[in-house]
Amino acid sequence: MGLYPEIGPYDHGMLDVGDGNRVHWETCGNPHGKPAVMLHGGPGSGCTPGYRRYCDPAAYRIVLLDQRGCGRSTPHASAYDTDMSVNTTAHLIADLELLRRHLGIERWLVWGASWGSVLALRYAQTHPSAVSELVLTGVATGSNPEVTLLTHGLGKIFPEAFERFLAELPEQDRDGNLAAAYDRLLESPDPAVRERAARAWTDWETATIPAPPRSVPRYEDPVFRMAFARTVTHYFGNDHFLGEGNDEGVVLRDAHLLQGIPGTLVQGSLDFGNLLGTPWRLHHAWPGSELVTVSQAGHDAGTPAMADALVTATDHYARR
């Protein structure tokens, strides 16, 4: 089956969402089709043309957006004077609602990858009447134990890379919340400190894929690298702005609010998120969800078997 062929947008724009932010959006596929919005990961990765290919362009009106501070949205998080205090989960959810109304959409399928799955889940929990279905991959819920796993926990699996990751931090910060410690470095007034921190954070992300350090092309772009590292650590270091109770998992706690929304979770069997049982726990707490485990696959939604499962899900929902 595979991904649908490459297509371009038929419309695009910059939406003023307040706080000095303008969010870039585009629409692809069938202008009269079933609406679907694609939520990228990171936080801070931005949308790429590949996100257009997970839904049948003859059946779907496909909406892509770059979340605050990344991609083509402005101001960009790579700029030191960009105010990150107005980049939170609540702000992104409000942006989605503003965009939905701007585009005249009543309900849409929400597709999310990695951080995008966290945002999709919380959006559906707070605006259930706006969501027809959910398709999620690289499933995460943004809980504090997940952040601890992605830093301290994976340090036991990748000890050499972890030693380099810790070395950039002051000694007193190496046992605590590592994302918060990196967030502080990335807010330093010293540009050299910020650049070293961004490089160290993206080297760690690359090592845990796993792949040789600095092998991911997007991390070689200093603008992308800075915006990505700054945004990820801003969210990871602040409980994903999900509020009190995130040590237990706010999204999992509120999974019952998803009742009545059909959903498909597509998860690679080798995705590190499985070490905490997050997709399994979410599936069993969410009535009406389906968990599809893809053998020998990891966190990447674009690998052939993962893409097949995701396209199968959107094809299924196109017929609803």
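Going by the structure above, here's the rest.
Here the residue index of a chain counts from 1 through its sequence in written order. Given that this is a predicted model, residues contribute local features only at a pLDDT of at least 70 and side-chain atom pairs are listed and counted only at 80 or more, while totals for whole chains, interfaces and linings are drawn from all residues. Only hydrogens and water are set aside when side-chain values are computed; all heavy atoms of the structure are taken into account.

1. Structural notes on the pattern of salt bridges
Point 1. What counts as a salt bridge is simple: a side-chain nitrogen of Lys or Arg found within 4 Å of a carboxyl oxygen of Asp or Glu. In the structure shown here, the tally under the stated rule is 18 salt bridges.
Point 2. Note that K34 is salt-bridged to E133, the shortest N-O span being 3.1 Å. Residue K34 is found in strand β3 (residues 34-39), and its partner E133 is found in strand β6 (residues 131-137); the two are separated by 99 residues along the sequence.
Point 3. Only protein chains enter the calculation, and the probe is 1.4 Å; a residue is then buried if its accessible area is under 20% of its type maximum, exposed if over 50%, and partly exposed in between. For K34, a relative accessible area of 18% translates into the label buried.
Point 4. The closest approach of N and O atoms between E133 and R320, which form a salt bridge, is 2.4 Å. By definition, any uninterrupted DSSP run of H or I lasting at least four residues is a helix, any uninterrupted run of E lasting at least two residues is a strand, and each is numbered from the N terminus.

2. Topic: unusual backbone geometry
Point 1. Put simply, G42 and P43 share a cis peptide bond, and its omega is -5°.
Point 2. When you line up the elements, P43 lands in the loop between β3 and β4 (60-65).
Point 3. In the segment running from T74 into P75, the intervening peptide bond is cis, with an omega of -10°.
Point 4. Within the secondary structure, P75 is located in the loop between β4 and α1 (89-102).
Point 5. Phi angles above zero are rare outside glycine, and D239 is one such case at about 60°.
Point 6. Among the secondary structure elements, D239 is positioned in the loop between α7 (222-236) and α8 (250-253).

3. Describing the environment of N30
Point 1. Summarising the element assignment, N30 is placed in the loop between β2 (21-29) and β3.
Point 2. Overall, N30 belongs to the partly exposed group, its relative accessible area being 22%.
Point 3. As a C-alpha pair, N30 and I62 span 32 residues in sequence and 7.7 Å in three-dimensional space.
Point 4. A contact between two residues is defined here by any heavy atoms of the two lying within 4.5 Å. In this structure, N30 is in contact with P57, A58, Y60 and R61, ignoring residues within four places of it in sequence.

4. A look at the state of the cysteines
Point 1. Cysteine sulfur atoms that come within 2.5 Å of each other are treated as a disulfide pair. Inspection of every chain in the model, using the stated rule, returns 0 disulfides.
Point 2. In this structure C28 is not part of a disulfide, and its nearest cysteine sulfur, from C47, lies 9.3 Å away.
Point 3. Note on C55: no disulfide assigned, nearest cysteine sulfur contributed by C28 at a separation of 10 Å.
Point 4. A relative accessible area of 0% means that C55 is categorised as buried.

5. Comments concerning the packing of aromatic side chains
Point 1. Aromatic pairing here means that ring centres of Phe, Tyr or Trp (its six-membered ring) are within 6.5 Å. Orientation follows from the plane angle: under 30 degrees is stacked, over 60 is edge-to-face, and everything else is tilted. Throughout the structure, instances matching the rule amount to 15 aromatic pairs.
Point 2. Measuring from centroid to centroid gives 4.7 Å for Y54 and W111, while their planes differ by 40°, and the two rings are tilted. Here Y54 is found in the loop between β3 and β4, whereas its partner W111 is found in strand β5 (residues 108-113), with 57 residues between them in sequence. You'll find Y54 and W111 in the same group, each marked buried.
Point 3. Ring centres of F162 and F165 lie 6.2 Å apart, and the angle between their planes is 40°; on these two criteria the pair is classed as tilted.

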